[in-house]
Amino acid sequence: MRAEEAAQLVHEIEHLRRRTRASLHHVSFPCVMFGALMLASAAIVATAGGPSVGLFWMVAGPLGGVATGRHYRRRERRMGLEGPAWPGVAVGLGIMAGCFLTGGLGGALGLETLAAVGPLLVVSAGGLGFALLHRSVPAAVVAVALATFVVGLWAVGVGPRQLGPLGTALYGATLLGVGLACRAPQRG
Amino acid sequence: MAHPTRHLDDTVHQRVRLGILAVLAEARRADFNYLRDTLELTDGNLSRHLQILEQAGYVRIDKTFEGRRPRTWAVATQRGRAALETELAALRALLDRVDGAAPKRHPARGGGDASGEPGA
């Protein structure tokens with residue numbers, strides 16, 4: 001076997017693997033949905049405060065998760081290519097648990113910074129988890145950049161009452177933007 | 001140390017079968033039509049390659065019904081996934097061997113035989 005053939009074969013296999021991953025891991029739907037939910041959540045934090053946002057996510061989180069699962073299942077059935085479901089479900093459940101834990105603990109103990117920043121950092125950690133699953137460098141960069149920005153705001157002295165809605169709106173707008181940006185190529 | 005070609009598996013080494021395993025390695029399962037369209041094969045050609053992979057224990061074939069429509073799904077077995085990784089590792093080892101020999105024997109990368117011997 002000649003070196004050119006071996007190199008071509010390795011290239012073709014890697015291309016097929018990347019293409020299969022890209023077909024499976026389209027992120028438009030969950031990004032748009034959770035981005036919109038985070039923007040709604042930011043509005044609730046700004047107007048009604050922490051406890052209301054906890055109630056909001058207790059309903060919206062599981063519903064969003066189920067809708068995402070149903071979306072992927074329908075899409076994969078239609079396409080004829082099914083990916084492993086449990087890693088994504090595990091990361092999603094981890095994000096929900098982490099957000100309720102940090103937000104709830106922060107609220108219960110009167111630690112406003114933990115209540116405001118904790119869930120956002122958990123979402124970033126979850127984003128890193130998804131980036132790892134999808135082997136996506138851009139997703140990892142977005143997750144780290146958002147976390148860095150929020151920590152940076154906290155470090156320069158932005159208080160938790162502003163940081164909560166501001167950070168949530170920033171995450172929501174970013175997710176929404178990423179989701180909408182991914183829509184066009186995925187349809188094509 | 002054994003030459004990397006000794007790790008090439010004739011069943012997996014065939015281009016189409018490598019492609020099938022590459023797709024299945026990234027997914028839980030893929031249906032017949034997806035594989036046929038992605039790999040640009042005919043029904044008969046894909047059937048034959050799937051049969052060879054199934055006989056080797058690298059792929060499992062599941063037949064289901066959706067309503068009244070039959071659907072054929074292919075799933076890579078653990079053995080199939082391992083065979084794909086071994087094949088890729090062997091191919092990369094061959095390329096590394098050529099790269100290692102390149103300064104002395106092959107001025108251009110990939111310009112020689114992957115056995116590492118000039119003109120072999």
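The rules behind these values
Residues numbered from 1 in each chain as written. Chains lettered and ligands numbered in written order. Predicted model: local features only at pLDDT ≥ 70, side-chain atom pairs only at ≥ 80, totals over all residues. Helix = DSSP H or I, 4+ residues; strand = E, 2+ residues; numbered from the N terminus. Buried ≥ 20, exposed ≤ 12 C-beta atoms within 10 Å, placed from the backbone. Contact = placed C-beta atoms within 7 Å. Axes fitted to C-alpha atoms, helices over the stretch in contact; angles between N-to-C directions. Left-handed = near helix turned anticlockwise from the far one by under 90°. Nonpolar A, V, L, I, M, F, W, Y, C, P; charged D, E, K, R; others polar. Pairing = 2+ DSSP bridges. Expected span 1.5 Å × (residues − 1). Parallel < 35°, antiparallel > 145°, perpendicular 65-115°, else oblique. Core = buried A, V, L, I, M, F, W, Y, C linked by C-beta atoms within 7 Å.

Draft legend 1. Region of the structure containing the overall build of chain B. In terms of helices and strands, chain B carries five helices and three strands. Ordered by position from N to C terminus, the α and β elements of chain B give α-α-β-α-α-β-β-α. Buried residues in chain B amount to 32% of all 120 residues. In chain B, of all internal contacts separated by at least 6 residues, the share reaching a separation of at least 24 is 50%.

Draft legend 2. View of unusual backbone geometry. The phi torsion at A:Arg135 lies on the positive side, around 50 degrees, for a residue other than glycine. Inspection of the secondary structure assignment puts A:Arg135 in the loop between α5 (112–134) and α6 (137–155). You can call A:Arg135 partly exposed: it has 13 C-beta atoms within 10 Å. We note that B:Glu40 has phi near 55 degrees; this positive angle belongs to a residue other than glycine. By the element assignment, B:Glu40 lies in the loop between α3 (32–39) and α4 (43–55).

Draft legend 3. Spatial organisation of the packing of helix α1 (residues 3–24) of chain A against helix α2 (residues 15–26) of chain B. Remark: α1(A) packs on α2(B), axes separated minimally by 8 Å, with the N-to-C direction vectors making an angle of 35 degrees. Read as a crossing pair, α1(A) and α2(B) show a hand that is right-handed. In this structure, α1(A) contributes A:Leu9, A:Ile13, A:Leu16, A:Arg17, A:Thr20, A:Arg21 and A:Leu24 to the contact, and α2(B) contributes B:Arg15, B:Leu18, B:Gly19, B:Ala22, B:Val23, B:Ala25 and B:Glu26. Looking at the contact of α1(A) with α2(B) residue by residue, the classes come out as eight nonpolar, two polar and four charged.

Draft legend 4. Spatial organisation of the sheet that holds strand β1 (residues 81–82) of chain A. Spatially, the four strands line up as an open sheet ordered β1(A)-β1(B)-β3(B)-β2(B), and their pairing is antiparallel. Because the sheet does not close on itself, it has two edges, and the strands there are β1 of chain A together with β2 (59–66) of chain B. Strands β2 and β3 (69–76) of chain B of the sheet are contacted by α4(B), whose axis makes an angle of about 120 degrees with β2(B).

Draft legend 5. Quick peek at the interface of chain A and chain B. Counting residues at the interface gives 20 residues for chain A, matched by 25 residues for chain B. Listing elements by their share of the side of chain A that touches chain B, those giving two or more residues are α1 and β1 of chain A. Of all the elements, α1(A) adds the most residues to the side of chain A that touches chain B, at 12 residues. Of the residues that constitute the side of chain A that touches chain B, the class distribution is 12 nonpolar, three polar and five charged. Taken together, the two bridges between β1(A) and strand β1 (residues 29–31) of chain B define a ladder with antiparallel strand orientation.

Draft legend 6. View of α1(A). When the terminal C-alpha atoms of α1(A) are compared, their 32 Å separation across 22 residues agrees well with the 32 Å that a helix rising 1.5 Å per residue should span. Residues A:Ala3, A:Ala6, A:Leu9, A:Ile13, A:Leu16, A:Thr20, A:Ser23 and A:Leu24 constitute the buried set of α1(A).

Draft legend 7. Looking closely at the environment of A:Glu112. Residue and element names in this part refer to chain A. Within the fold, Glu 112 resides in helix α5. Given 16 C-beta atoms within 10 Å, Glu 112 falls into the partly exposed group. Measuring from C-alpha to C-alpha, the distance between Glu 112 and Arg 161 comes to 7.7 Å, with 49 residues separating the pair along the chain. Beyond its immediate sequence surroundings of up to four residues, Glu 112 is in contact with Gly 106 and Pro 160.

Draft legend 8. Here's a closer look at the environment of A:Phe56. Residues and elements named next belong to chain A. The topology assignment puts Phe 56 in helix α3 (residues 50–79). Judged by the 17 C-beta atoms lying within 10 Å of it, Phe 56 falls in the partly exposed class. Considered as a pair, Phe 56 and Leu 37 are 19 residues apart in the sequence and their alpha carbons are 9.3 Å apart. When residues no more than four places from it in sequence are discounted, the contact partners of Phe 56 are Ser 41 and Ile 44.

Draft legend 9. Layout of the packing of helix α4 (residues 86–109) of chain A against α5(A). Residue and element names in this part refer to chain A. Two numbers describe how α4 lies on α5: the axes approach to 7 Å, and their chain directions differ by 170 degrees. On the basis of their axis angle, the class for α4 and α5 is roughly antiparallel. Listed contacts from α5 to Pro 87, Gly 88, Val 91, Gly 94, Ile 95, Gly 98, Cys 99, Thr 102, Gly 103, Leu 105, Gly 106 and Gly 107 of α4 are Glu 112, Leu 114, Ala 115, Gly 118, Pro 119, Val 122, Val 123, Gly 126, Gly 129, Phe 130 and Leu 133. The residue makeup of the contact of α4 with α5, split by class, is 12 nonpolar, 10 polar and one charged.

Draft legend 10. Structural view of the nonpolar core. Residues B:Leu21, B:Val23, B:Leu24 and B:Ala30 are the most contacted members of the largest nonpolar core, which totals 33 residues. If you tally residues by element for this core, the top one is helix α5 (residues 78–101) of chain B, at seven residues. Excluding residues that lie within four positions of it along the chain, B:Ala30 makes contacts with A:Gly80, A:Leu81, B:Val23, B:Leu24, B:Leu35, B:Trp73 and B:Ala74. Membership of the second largest hydrophobic core comes to 27 residues, among which are A:Cys31, A:Ala42, A:Cys99 and A:Val117.

Draft legend 11. Region of the structure containing α4(A). Taking 1.5 Å of rise per residue, 24 residues should cover 34 Å, and α4(A) covers 33 Å from first to last C-alpha, within 8% of that figure. Count one or two residues on from α4(A) and you reach A:Gly110, which has phi positive near 75 degrees.

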